[in-house]
Amino acid sequence: MRLFIVVTLFSGLSLAAFNAGAQESDPFANSSRPGLDVDTDLQMGPILLGSFSVVAIGVGAGFGWQADQEYDDWKSAQSAGDGDEMDDLSDDVHKHSTAANILIFGGLAGVATAVLWFIIGRASDDDEDQASVEMTARWRPVIGPGRAGLSLEF
């Protein structure tokens, strides 16, 4: 269940980052305050996705460090012959190492996607003089017995 929650959270935030980059509406259009016209070449979608992915990698590294510390405690309990503490620590090590793996590898996949998206976006910006390039992406969750993930199609 935790795996499903982590994958759903990661895919939802990735989709929000993608939509932020694709959004072209003016949030101040109906406001009584004068709006500022800002023209920038920054692609916010890949930047947000990459930033979130780096944070996920950092959190995953923290879970990995915690699992390593608990594994050291488990080895100490094993040498002391304390079976009850070994069982409790074994469960904690398993949970924290699983969370670390999901966050680190999911974050790495997110960073790779953001870099690819940024490069493709830059290439399409360079081709604006020649022809209008339209890029679409589809995000589909992949959920089934024993697996969960995210499919990205360009």
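Our structure is the block above this text.
Residues numbered from 1 in each chain as written. Predicted model: local features only at pLDDT ≥ 70, side-chain atom pairs only at ≥ 80, totals over all residues. Heavy atoms only, no water.

(A) Inspection of the overall build of the protein at higher detail. Scanning the protein for helices and strands turns up three helices and two strands. In the protein, the order of α-helices and β-strands from amino to carboxyl end is α-α-α-β-β. Taking as baseline every contact in the protein between residues at least 6 positions apart, the subset at least 24 positions apart corresponds to 64%. If you sum the accessible surface of the protein, you get close to 10800 Å²; carbon and sulfur atoms cover 57% of it. (Helix = DSSP H or I, 4+ residues; strand = E, 2+ residues; numbered from the N terminus. Contact = heavy atoms within 4.5 Å. Areas by Shrake-Rupley, 256 points an atom, 1.4 Å probe, with all protein chains shown as cover.)

(B) Structural view of the packing of aromatic side chains. A full pass over the atoms with the stated rule returns one aromatic pair. Each ring, one from Tyr71 and one from Trp74, has its centre 5.8 Å from the other, and the planes form 15°; the classification is stacked. Placement of both Tyr71 and Trp74 in helix α2 (residues 44–80) is noted, with a separation of three residues, approximately one turn of the helix. Judged by relative accessible area, Tyr71 falls into the partly exposed class, the value being 39%. (Phe/Tyr/Trp six-rings, centres within 6.5 Å; stacked < 30°, edge-to-face > 60°. Buried < 20%, exposed > 50% of the residue type's maximum accessible area, 1.4 Å probe, protein only.)

(C) View of the environment of Leu89. When you line up the elements, Leu89 lands in helix α3 (residues 83–126). Among the residues examined, Leu89 registers a relative accessible area of 11% and is labelled buried. Once the C-alpha coordinates of Leu89 and Trp74 are considered, the two residues, 15 residues apart in sequence, prove to be 5.8 Å apart. Every residue in contact with Leu89, bar those within four places of it in the chain, is listed here: Glu70, Asp73, Trp74 and Ala77.

(D) Seen up close, the pattern of salt bridges. Tallied over the entire structure, the rule returns one salt bridge. The residue Lys75 makes a salt bridge to Asp72 at a minimum N-O spacing of 3.9 Å. Taken together, the residues span about one helical turn, with Lys75 and Asp72 both in helix α2 at a distance of three residues. Residue classification places Asp72 among the partly exposed positions, given a relative accessible area of 31%. (Salt bridge = Lys/Arg side-chain N within 4 Å of Asp/Glu carboxyl O.)

(E) α2, seen in detail. A rise of 1.5 Å per residue sets the reference length of α2, with its 37 residues, at 54 Å; its end C-alpha atoms lie 54 Å apart and thus fit the reference within 8%. Phi turns positive one or two residues past the end of α2, at Gly81, with a value near 80°. (Expected span 1.5 Å × (residues − 1).)

(F) Molecular detail of a negative patch on the surface. On the surface, a cluster of negative charge is made up of Asp73, Asp82, Asp84, Glu85, Asp87, Asp88 and Asp91. Relative to the assigned elements, Asp84 resides in helix α3. (Patch = residues over 30% accessible without salt bridge, like charges linked within 9 Å, V, L, I, M, F, W, Y side chains within 5 Å. Lys, Arg positive; Asp, Glu negative; His and termini not counted. Charge placed at Lys NZ, Arg CZ, Asp CG, Glu CD.)

(G) Quick peek at the environment of Ile104. Counting through the fold element by element, Ile104 comes out in helix α3. Classification of Ile104 by relative accessible area gives partly exposed; the value is 26%. The spacing of Ile104 and Ala61 is 43 residues in sequence and 6.9 Å in space, taken between C-alpha atoms.

(H) Representation of the side chain of His96 within the structure. Along the chain, His96 falls in helix α3. By relative accessible area, His96 is classed as buried at 16%.

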